[in-house]
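Single-letter residue listing:
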Amino acid sequence: MKLTDIGTIKELLGEEDTSFKKKFGQNFLINESVVRRIALECLPNGAESGKKCGILEIGPGIGTLTAKLCKAAKCVVCVEIDSTLIPLLNRTLAEFDNVKIISGDIMKLDLMSLIKESFFDCEYVAVAANLPYYITTPVIMKLLEAELPLSSITVMVQKEVADRLCSDSADRTYGAVTASVSFYAQVRKLFNVGAGNFIPAPKVDSAVIRFDLYKNPPFFVSDKALFFKVIKAAFAQRRKTLVNALSGGFSISKADAVRLVKECGFDEMIRGEALSPADFANIANRLSELQAVKQKNNKLL
Ligand code: SAM
């Protein structure tokens, strides 16, 4: 069965009395070479190493990418929200004994338990997905923030999102998500995928990106929550100076904010968008020290 064939896809959906659901972001891949390329990119250094690899796939659809992953990896777990696709997946993946199909919403699952139970004997655990556009960023942030034992995440996303995630502080597309994500992983764009490679064709082009997760953060952060809050505050109003964002968002005086920014080596007129993720870490670490001193002084009074 060729799952990238448009006639086959329509026939399969018809047999299960279902069709493409826009609300679940269902755009299925119809280009065999794109599917093969994504499957290869999920594996560590070539096909042989796949024998030690466990893959969590989000949104298998009719199982097009899943089937390729099953051939290459030790085991595959796929999570599909559309319950009408589960009987269809049971048929299209029937030949594989290394796949587990879960009916559910990826945003609601306890992924740490799932990974520990399913991939306990795998040396390398990766995520693969042609992500539905409506939850791209929440899914990526959930995977990263949960600090799961993952080596990589290879996902197809809207091209604009890919460009934003792969940008750096000099780029126009650099934003809060870019800076936050770089605490967890190095992100690379692998290749673009035009809208014509899907059925139904989406209105925008896509790109496949890969996150290689750090074993240890690339820079020191003393208070993680504060680090992310500083990034959020700095980008909440892009035109604001960093000094104003800090004094407005963290109940410190403007004079303290100016001192802090200068102590970290920046001009007091600098805007947050000019800061690299490591710069944000420096600012947040200094702010954390300042807050601790203030708290201590308040207690003494
Ligand atoms: N992997 C297939 C392919 O490449 O042809 C389908 C990709 S399609 C863009 C996205 C898939 O994710 C759909 O099958 C959709 O039903 C599923 N999906 C959407 N939201 C989901 C969620 N919250 N949890 C799990 N699956 C979801």
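Taken as a whole, this structure holds one cavity of 30 Å³ or more when the rule is applied. Estimated volume of the largest cavity: approximately 400 Å³. Lining the largest cavity are 29 residues; nearest its centre among them are Ile-58, Gly-59, Glu-80, Asn-130 and Pro-132. Those elements giving two or more residues to the lining of the largest cavity turn out to be strand S1 (28-29), strand S2 (53-58), helix H3 (64-72) and strand S3 (75-80).

This paragraph deals with the domain arrangement of the protein chain. The domains assigned to the protein chain are domain 1 (6-213) and domain 2 (224-300). Taken over C-alpha atoms, the centre of domain 1 sits 36 Å from the centre of domain 2. Listed by partner, the interface residues are eleven residues for domain 1 and twelve residues for domain 2. Interface area for domain 1 against domain 2, summed over the two sides, is near 900 Å², with a carbon-plus-sulfur share of 60%. Counting the contacts that link domain 1 with domain 2 gives one salt bridge. Taken together, the links from domain 1 to domain 2 amount to three residue pairs in polar contact (both at pLDDT 80 or more). In terms of residue class, the side of domain 1 that touches domain 2 is built from five nonpolar, four polar and two charged.

Calculation rules
- Residues numbered from 1 in each chain as written.
- Predicted model: local features only at pLDDT ≥ 70, side-chain atom pairs only at ≥ 80, totals over all residues.
- Heavy atoms only, no water.
- 1 Å grid on protein atoms, 1.4 Å probe; cavity = no way out; pocket = protein on both sides within 12 Å on 5 of 7 lines; lining within 4 Å.
- Points joined across faces, edges and corners; volume = space filled by probe spheres on them.
- Helix = DSSP H or I, 4+ residues; strand = E, 2+ residues; numbered from the N terminus.
- Domains from an automatic or database assignment.
- Contact = heavy atoms within 4.5 Å.
- Buried area = accessible area lost by both parts, 1.4 Å probe.
- Salt bridge = Lys/Arg side-chain N within 4 Å of Asp/Glu carboxyl O.
- Polar contact = N/O pair within 3.5 Å; in protein donor to acceptor, adjacent residues only side chain to side chain.
- Nonpolar A, V, L, I, M, F, W, Y, C, P; charged D, E, K, R; others polar.

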